[in-house]
Structure formats: C-alpha cells, structure tokens
Amino acid sequence: MSDSQLPWPVEDFSAYGAVEEKSLGKIQQYVGKVMQRNWSMIPHVTHHDEADITVFEQRRKAWNAEHPDQKRTLLPALMKCAVAMLKEFPQYNCSLSADGATLYQKGYYHIGFAVDVPGGLLVPVVRDCDKKSMDEITAEIVALSEKARGKGLAMQEMSGGCFTLSSLGHIGGTAFTPIINAPEVAILGITRTQQRFVPDADGQPVLRQMLPLSLSYDHRVINGADAARCLTFMASWLADFEFA
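Residues numbered from 1 in each chain as written. Predicted model: local features only at pLDDT ≥ 70, side-chain atom pairs only at ≥ 80, totals over all residues. Heavy atoms only, no water.

Can you break down the overall build of the protein chain residue by residue, with the values?
A count of helices and strands for the protein chain gives 5 helices and 11 strands. C-alpha atoms of the protein chain, sized along the principal axes, occupy 60 × 50 × 45 Å. Here the protein chain holds 244 residues, and 40% of them are scored as buried. For the protein chain, the accessible area works out to roughly 14000 Å², and carbon and sulfur atoms hold 54% of it. (Helix = DSSP H or I, 4+ residues; strand = E, 2+ residues; numbered from the N terminus. Buried < 20%, exposed > 50% of the residue type's maximum accessible area, 1.4 Å probe, protein only. Areas by Shrake-Rupley, 256 points an atom, 1.4 Å probe, with all protein chains shown as cover.)

Lay out the nonpolar core with the relevant residues and their values.
Within the largest apolar cluster, 50 residues are counted, with the highest numbers of intra-cluster contacts made by Met79, Tyr92, Ile111, Phe163, Leu188 and Leu215. Considering each element in turn, this core owes the most residues, 8 residues, to helix α3 (residues 74-88). If we ignore the near neighbours within four places in the chain, the residues touching Ile111 are Met79, Ala82, Val83, Leu86, Pro124, Val125, Val126, Cys129, Phe163 and Leu165. (Core = buried A, V, L, I, M, F, W, Y, C linked by side-chain atoms within 4.5 Å. Contact = heavy atoms within 4.5 Å.)

Provide a residue-level description of the environment of Thr73, including the pertinent values.
Here Thr73 is to be found in the loop between α2 (54-66) and α3. Given the relative accessible area of 42%, Thr73 is considered partly exposed.

Account for the side chain of Asp226, naming residues and giving values.
Position of Asp226 among the secondary structure elements: in helix α5 (residues 224-240). Among the residues examined, Asp226 registers a relative accessible area of 13% and is labelled buried. Ignoring anything within four residues of it in the chain, the contact list for Asp226 reads Gln91 and Tyr92.

Could you give an account of the pairing of strand β8 (residues 163-167), naming the residues involved and the relevant values?
Most of β8 is tucked away: 4 of the 5 residues are buried. Here 3 bridges tie strand β4 (residues 111-113) to β8, and the two strands are oriented parallel to one another. Counterpart to Phe113 in the pairing with β8 is Leu165. Both β8 and strand β9 (residues 186-190) contribute to a ladder of 4 bridges, which runs parallel. Its bridge partner being in β9, Ser167 is matched across the sheet by Ile190. (Pairing = 2+ DSSP bridges.)

I'd like a description of the packing of aromatic side chains, backed by residues and values.
Within the structure shown, the criterion is met by 6 aromatic pairs. For the ring pair Phe56 and Phe241, a centre distance of 6.2 Å and an interplane angle of 35° mean the geometry is tilted. Of this pair, Phe56 sits in helix α2 while Phe241 sits in the segment after α5; the two residues are 185 residues apart in sequence, bridging distant segments of the chain. The same class applies to Phe56 as to Phe241, namely buried. Each ring, one from Phe56 and one from Phe243, has its centre 5.1 Å from the other, and the planes form 50°; the classification is tilted. Linking Phe56 in helix α2 with Phe243 in the segment after α5, this pair joins segments that are 187 residues apart in sequence. With a relative accessible area of 11%, Phe243 lands in the buried category. (Phe/Tyr/Trp six-rings, centres within 6.5 Å; stacked < 30°, edge-to-face > 60°.)

Explain the UniProt feature "domain: 2-oxoacid dehydrogenase acyltransferase catalytic" (unreviewed entry) in the protein chain residue by residue, including any values.
Mapped onto this numbering, the UniProt entry annotates "domain: 2-oxoacid dehydrogenase acyltransferase catalytic" (unreviewed entry) at residues 20-242. What you have in residues 20-242 is 35% helix and 25% strand, and the ends, taken at the C-alpha atoms, are 53 Å apart. (UniProt positions renumbered as here; feature names shortened; annotations may be inferred.)

If you had to explain the environment of Gly173 to someone new, which residues and values would you point to?
As for its placement among the helices and strands, Gly173 is situated in the loop between β8 and β9. Between the C-alpha atoms of Gly173 and Gln91, which are 82 residues apart in sequence, the distance is 29 Å. Gly173 has contacts with Thr191, Arg192 and Gln194, leaving out every residue within four places of it along the chain.

Talk me through the packing of α3 against helix α4 (residues 134-149); I want residue IDs and the actual numbers.
Between α3 and α4, the least distance of the axes is 9 Å, while the angle of their chain directions is 115°. In terms of crossing hand, the pair formed by α3 and α4 is right-handed. Contact residues: α3 offers Leu75, Pro76, Ala77, Met79 and Lys80, while α4 offers Met134, Ile137, Thr138 and Ile141. Classifying every residue of the contact of α3 with α4 by side-chain character gives 7 nonpolar, 1 polar and 1 charged. (Axes fitted to C-alpha atoms, helices over the stretch in contact; angles between N-to-C directions. Left-handed = near helix turned anticlockwise from the far one by under 90°. Nonpolar A, V, L, I, M, F, W, Y, C, P; charged D, E, K, R; others polar.)

Listed below in structure tokens is the structure:
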C-alpha cells in the first residue's frame with residue numbers, strides 16, 4: 001500500500017447481524033493477487049464490438065450435421081481466428097518488460113483460454129495453434145479443461161501464452177472488461193450470442209446472430225485504433241471462415 005492510500009477498512013461485521021467466516025482457497029487467493037497486480041500495473045482499456053456470425057453458425061451447424069463425430073464449437077474457431085489476428089497485427093503478439101523499456105516480439109502462437117474452476121480461474125495454454133488442426137485444438141481444449149477442473153494442471157501448461165480468450169457465452173452477458181493476463185498485452189472476452197434485427201443493404205430488417213466481443217488491451221503497447229481494427233478483422237475472419 002502506498003502512503004497516499006487509505007488503509008483497508010476493518011469492521012466487526014457481527015455487530016450488524018449473523019456472520020460466517022470462510023477462508024479463501026489457495027487458488028482463489030493466488031488468482032486474486034495476480035488479478036490485483038495486473039489491474040494495478042497495466043493501463044487497461046476495453047474496446048467493445050460485435051461480430052455477425054450468422055453465416056458462421058449456418059456453416060458450423062451444417063458441418064456438425066454431416067460430421068457427428070467431429071462436431072465443431074466456437075472456441076477452437078476463435079483460437080484459429082486469434083492466430084490470424086496475431087499474424088495480421090503483430091503488436092498483439094508481444095510482451096513488455098517489467099520496466100516498460102523493452103518489447104519482446106513473439107514468433108509463435110500459443111493461445112490461452114480461461115477455465116472456471118471451483119474456487120478460482122485457471123488459464124491453460126494450447127501451444128502452436130497455427131500448426132494444429134481444429135480437431136487437435138478441440139482435443140487439447142477438452143483435455144486441458146479436464147485437468148484444470150481436476151487439479152491436475154501443471155504450471156507449465158499455463159505458461160507461454162501469447163493471447164487469451166475468456167468466454168462467458170455459455171452463461172450469458174452482453175459485455176465485460178476482462179483483466180489482461182500478464183505478461184500478455186491483450187485479452188478477448190466473449191459473451192452470449194444475441195439475435196437481433198439489423199438493416200440489410202436495402203434498409204430492410206433481417207434477423208442476425210451477433211457475437212459480442214470485448215477486447216482489453218495494454219495502452220502502453222496498443223492504441224484505440226489498433227483495437228478497433230483488431231475486432232473488425234476478427235469479425236470479418238469469422239464471417240468468411242469455412243469449416244474443414
């Protein structure tokens with residue numbers, strides 16, 4: 001705590017009513033300290049946008065109907081999309097030194113994904129997503145998620161990430177402000193797809209499926225225009241993506 005900060009308020013909560021004391025788990029304590037460090041040391045800005053995934057979803061469902069043993073979900077596709085984005089905008093595939101004086105440009109594409117576990121949040125990393133097929137990425141996501149929820153995830157399996165995806169789409173929400181997973185410089189938050197009428201080229205309302213995207217970025221490395229271009233690129237990539 002700096003000299004300019006007030007001390008944390010200490011109160012006897014039992015004076016107001018019944019209280020039960022519970023200790024935070026080790027994972028939650030550790031994650032809390034990491035989040036506090038990242039939030040306080042990184043100048044965060046979050047850019048919100050939407051991707052029209054109407055055609056993407058039509059193609060995905062058609063693929064799944066034809067290939068019931070190789071079903072596709074959104075997250076592996078977003079990992080491939082993230083790789084394409086990192087190649088198009090290499091400033092996102094960097095890490096900044098602790099003193100803010102040196103930028104490390106990465107030549108690999110390891111994508112992390114947040115996993116909600118009892119008492120905390122873990123971020124496994126799928127390595128070399130640029131070299132792996134959708135099936136390989138899907139299998140790794142499943143295996144790493146199971147490890148994370150079973151307390152078998154090694155620290156090495158949470159290290160070396162270039163960019164992180166944090167999805168709340170299976171729960172809900174319209175937008176949020178994800179905290180950057182240092183030493184990365186950006187993180188993408190995904191919430192539930194919304195069905196909404198939007199005007200077509202002739203101004204007529206058509207029902208579309210819109211995916212909300214929330215990109216938090218380190219403003220020391222990335223500016224607002226970069227963020228807008230990034231999400232525009234990712235939306236375009238998803239619209240053009242062909243399942244194979």
